[in-house]
Amino acid sequence: MNNSQIGESILEGLGGPENISHFTHCATRLRVTPQSNAAIDKTKIEKIPGVLSIIEQSGQTQVVLGDKVEGVYNEMLKLPGMSNVGGGTVDANTEHEGNKPGILTRVFDVLSDSFRPLLWALLGTSMILTLIVFLQQFGFFGQYTDLTGQVVNIDIVNGPRLSDPEAAAAMLNEWRAAFPFWFILLAASLSVLQFMPIMIGATAAKRLGANMWVGAAIPAALMTGTFQGFQDIAVDGVVQVPFFGLEIPLYVFNYTGQIFPPLFAAALLAPLERFLKKVIPTMLHMVFVPMISVMILVPLTAFVVGPIGIRFALGISDVIGNVNEVAPWLVGGLIAGLYLFMVPLGLHWPLNAVMINNLQTMGTDFIQSPMGAYNFAVFGLVTGVAIRAKNNKELRQTATGAAASGLLGGISEPSLYGVVLRYKRVFPLILVPAIIGGATISALGVKSYAFAFTSLLSIPAMQPSALYAIGLAIAFFGALAGVLVFGYESKTQRAESDAARAAAVSTADTTESAVAPAATPATSVAAPAAAATVGAATSAAAAPWASDSETEIVLGAPLEGRAIPLSEVPDPIFAAAKLGKGAAIEPTGNTVVAPAAGKVTATMSSGHAVGLKLDSGVELLIHVGIDTVNLAGKGFDVKVEKGQQVAAGDVLLTFDPAIITEAGYPLVTPVLVTNTVKFEDVTGEVGPVALGDTLLKITTK
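Since we're looking at a predicted model, the values are computed, not measured.

Conventions and cut-offs
Residues numbered from 1 in each chain as written. Predicted model: local features only at pLDDT ≥ 70, side-chain atom pairs only at ≥ 80, totals over all residues. Heavy atoms only, no water. Pairing = 2+ DSSP bridges. Helix = DSSP H or I, 4+ residues; strand = E, 2+ residues; numbered from the N terminus. Axes fitted to C-alpha atoms, helices over the stretch in contact; angles between N-to-C directions. Expected span 1.5 Å × (residues − 1). Buried < 20%, exposed > 50% of the residue type's maximum accessible area, 1.4 Å probe, protein only. Salt bridge = Lys/Arg side-chain N within 4 Å of Asp/Glu carboxyl O. Lys, Arg positive; Asp, Glu negative; His and termini not counted. Polar contact = N/O pair within 3.5 Å; in protein donor to acceptor, adjacent residues only side chain to side chain. Core = buried A, V, L, I, M, F, W, Y, C linked by side-chain atoms within 4.5 Å. Contact = heavy atoms within 4.5 Å. Patch = residues over 30% accessible without salt bridge, like charges linked within 9 Å, V, L, I, M, F, W, Y side chains within 5 Å. Areas by Shrake-Rupley, 256 points an atom, 1.4 Å probe, with all protein chains shown as cover. Parallel < 35°, antiparallel > 145°, perpendicular 65-115°, else oblique. Left-handed = near helix turned anticlockwise from the far one by under 90°. Nonpolar A, V, L, I, M, F, W, Y, C, P; charged D, E, K, R; others polar. pLDDT = per-residue confidence, 0-100.

### Remarks on the sheet that holds strand E19 (residues 651-655)
Backbone hydrogen bonds are what pair the strands of a sheet, in a parallel or an antiparallel way.
And then number 1: Read from one edge of the open sheet, three strands run E13-E19-E17, paired in antiparallel fashion. The sheet terminates laterally at strand E13 (591-593) and strand E17 (636-638), the two strands that pair on one side only. Strand after strand, the sheet turns through a mean of 15° between neighbouring axes, direction not considered.
And then number 2: Pairing between E13 and E19: three bridges, direction antiparallel.

### Considerations on the sheet that holds strand E16 (residues 619-623)
And then number 1: Reading across the sheet, the eight strands line up as E18-E14-E15-E16-E20-E12-E11-E22 and stay open at both edges, with antiparallel pairing between neighbours. Among the strands making up the open sheet, the edge pair consists of strand E18 (645-646) and strand E22 (687-689).
And then number 2: With five bridges connecting them, strand E15 (residues 609-614) and E16 associate as antiparallel partners. Looking at E16, one finds that Leu612 is bridged to Leu620.

### A word on helix H15 (residues 393-409)
And then number 1: In a regular helix each residue adds 1.5 Å, so 17 residues correspond to 24 Å; H15 covers 23 Å between its end C-alpha atoms and thus fits that length.
And then number 2: Taken together, the buried positions of H15 are Leu395, Thr398, Ala399, Ala402, Ala403, Ser405, Gly406 and Leu407.
And then number 3: Immediately downstream of H15, the backbone of Gly410 shows phi near 75°, a positive value.

### With respect to the pattern of salt bridges
And then number 1: One pass over the structure, following the stated rule, counts six salt bridges.
And then number 2: One salt bridge connects Lys78 with Glu75, and the closest N-O pair in it is separated by 3.4 Å.
And then number 3: Glu75 sits in the partly exposed class, given a relative accessible area of 24%.
And then number 4: In this structure, the salt-bridge partner of Lys639 is Asp637, at a minimum N-O distance of 2.7 Å.
And then number 5: The exposure class assigned to Lys639 is partly exposed, which follows from its relative accessible area of 31%.
And then number 6: By relative accessible area, which is 36% here, Asp637 ends up partly exposed.

### Structural notes on the side chain of Asp650
And then number 1: As for its placement among the helices and strands, Asp650 is situated in the loop between E18 and E19.
And then number 2: One buried charged side chain, Asp650, makes no salt bridge at all; its nearest oppositely charged neighbour is Lys639, positioned 13 Å away.
And then number 3: Side-chain polar atoms of Asp650 contact the backbone nitrogen of Ala647, separated by 2.8 Å.

### Comments concerning the nonpolar core
And then number 1: Core analysis: the largest hydrophobic core is formed by 104 residues, its most contacted members being Tyr339, Leu381, Val420 and Val426.
And then number 2: Element by element, the count of residues in this core is highest for helix H14 (residues 368-388), at 11 residues.
And then number 3: Other than its neighbours up to four places away in sequence, Val420 contacts Leu340, Val378, Leu381, Ser415, Val426, Phe427 and Ile430.
And then number 4: Core analysis: the second largest hydrophobic core is formed by 34 residues, Leu555, Ala557, Phe636 and Val646 among them.

### Topic: a nonpolar patch on the surface
And then number 1: A surface patch of nonpolar side chains, about 790 Å² in accessible area, is lined by Met283, Leu284, Met286, Val287, Phe288, Met291 and Met295.
And then number 2: Tracing the sequence through the fold places Met295 in helix H11 (residues 285-326).
And then number 3: Using a relative accessible area of 54% as the deciding quantity, one classes Met295 as exposed.

### Focus: the packing of helix H8 (residues 212-222) against H11
And then number 1: Two elements in contact, H8 and H11, have axes whose closest approach is 9 Å; the angle formed by their N-to-C orientations is 40°. Overall, the two elements H8 and H11 adopt an arrangement that is oblique. In the crossing of H8 with H11, the sense of the turn from one axis to the other is right-handed. Between H8 and H11, the residues in contact are Val214, Ile218, Ala221 and Leu222 and Pro290, Ser293, Val294, Leu297, Val298, Thr301 and Ala302, respectively.
And then number 2: Residue composition of the contact of H8 with H11, by class: nine nonpolar, two polar and no charged.

### Some details on helix H7 (residues 196-208)
And then number 1: For H7, which comprises 13 residues, the first-to-last C-alpha distance of 18 Å matches the rise-based estimate of 18 Å (1.5 Å per residue) to within 8%.
And then number 2: The buried fraction of H7 is high, at 10 of 13 residues.
And then number 3: Among all positions in H7, only Met196, Pro197, Ile200, Gly201, Ala202, Thr203, Ala204, Ala205, Arg207 and Leu208 are buried.

### What to know about the confidence of the model for the protein chain
And then number 1: Of the residues in the protein chain, 79% have a pLDDT of 70 or more, and the chain-wide mean is 78.
And then number 2: Mean pLDDT across the elements of the protein chain bottoms out in helix H20 (residues 507-512) (35) and peaks in H8 (94).
And then number 3: Scored below 50 in pLDDT, residues 504-543 shows 58 contacts in the model against residues more than four places distant or in partner chains.

This is the structure we're talking about:
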């Protein structure tokens, strides 16, 4: 499917444009705020090719697409009814049906939604700074330059540190004259970081439902030369401002690169705008609403909101920094370990804000470097999954793509949602090497000089790079070795995968069973729809179990009971048709028979499932009960062997329902077409079925 087709299918699954109140995207996910969760067909969206996962978080429905996300997003904006939805504003007070996230969740949502639109530009410009830092290691460009543009060292080897501001400024101008082109690139690399308050003011205001340009104007006022000129008359950073007989202290800060002041100002702007629009006539909104908003909020931000925001950021940084001074290995290990749980919940965004604040105010950051150990542990794990998943083509492709996206682009979400969260037993395989790698990186004193997604290309942004690479190698190869040794599937998942793979017969299987071994004669049962007994010698075409035509294959029920939709099976893998479309049966009998002539391709040692390849080309998996593999064969009696030819009505296995029920496992039995992709569609009947009654209708291509 191309991006347009994927977008159309996703929109249909979301309930159409009328069910979307807010629509945006981040690096790997579509983020949708729905009017009603009930209108969303989650199962349908999960089945769309290219969709890695769909999750509900913080009142949002998030569709994980990996590197396709921007293309799909742009195509969806072109669809009818979507022109006024994409990138729209959201009233922070709006309560959608079934969703009312807590205040902390809403704060994190606003924080992350304010950053996402800037990531493209932020990462691009930061990579330019990474290039400059990298070249400086070889003596090119002659000196380190921090993110404020001030000379720190004249020469990376022998140059003296310049403590005299006038001498530093003179040297800076000398180097600017000597290397003008590189200073132009330096300006490009610092553009987003330095003017971050204006950009955050705009995106945060838009997210909260206020005018984005008024949101940008408020922090911009504090970055003008007029306001910054107060520094020349400030005493210890404070100017006493007369106001109606009082003297109000104005704390003069450099707001360049600050994150929290514009966020706090936007949080005040949104309700202020709503109030002003209520009390001011509509015809005067354009002039007086922004005028009054700016007149109120610029002074309020200068006197109160701005200083609070700066001190808030410094407070977080100081707390972590103080611990880092005493036990850097502890900070590094905690950051690398906690990221695995923080990213799916969106809790990593506050740390990202602190990283950016550290880079802008101090020129370096100590949080981002150990975080890289988490990313590389994840990338190492999915690389190992790609190596081990030899018999699972879909998983291998997903893992290979996720590993490439991570190692080259630094994006961990395809790995996280495409592999890690599907196989939760890999958590320890990520955590142990990530914590060790993160602790090593921090203990070695590695710091970041630019904000960048952690990848092979961004290694030069962390210094010393060689020591940083040691920590990344520990994380990557530790996780890789872990998955190669211990695997990635739980016992149940491994059994299900084995059954599904065996049902999809390979060429080798066909060759192996060209001459069927002498098998135990299959027991026959009477087909209720016919007077005659159907045995191994009976032609499938003559039996009521199945019928084939050029356009449709009809299969009978292999088990007595009540047929239900696959979506009602109490197992997410079966319910989402991950192993193939089909139907399920709540059994009233205890005998499973072949629905048509074919060959047995799999029999489980636990006896709970049988795989068939029918003469019609349909590959079938019949799975008795859910999680019944854990019974280790108790209550099951398999009557056939792998490679054995069977006819319609031949008994495949019998089971004891009482044993399964007493063990606490559901009896519901999925009947799946594991090679669904070879057919146009597979539909299942619903209602009571006897042996041989129509259960599945398979439309051929």
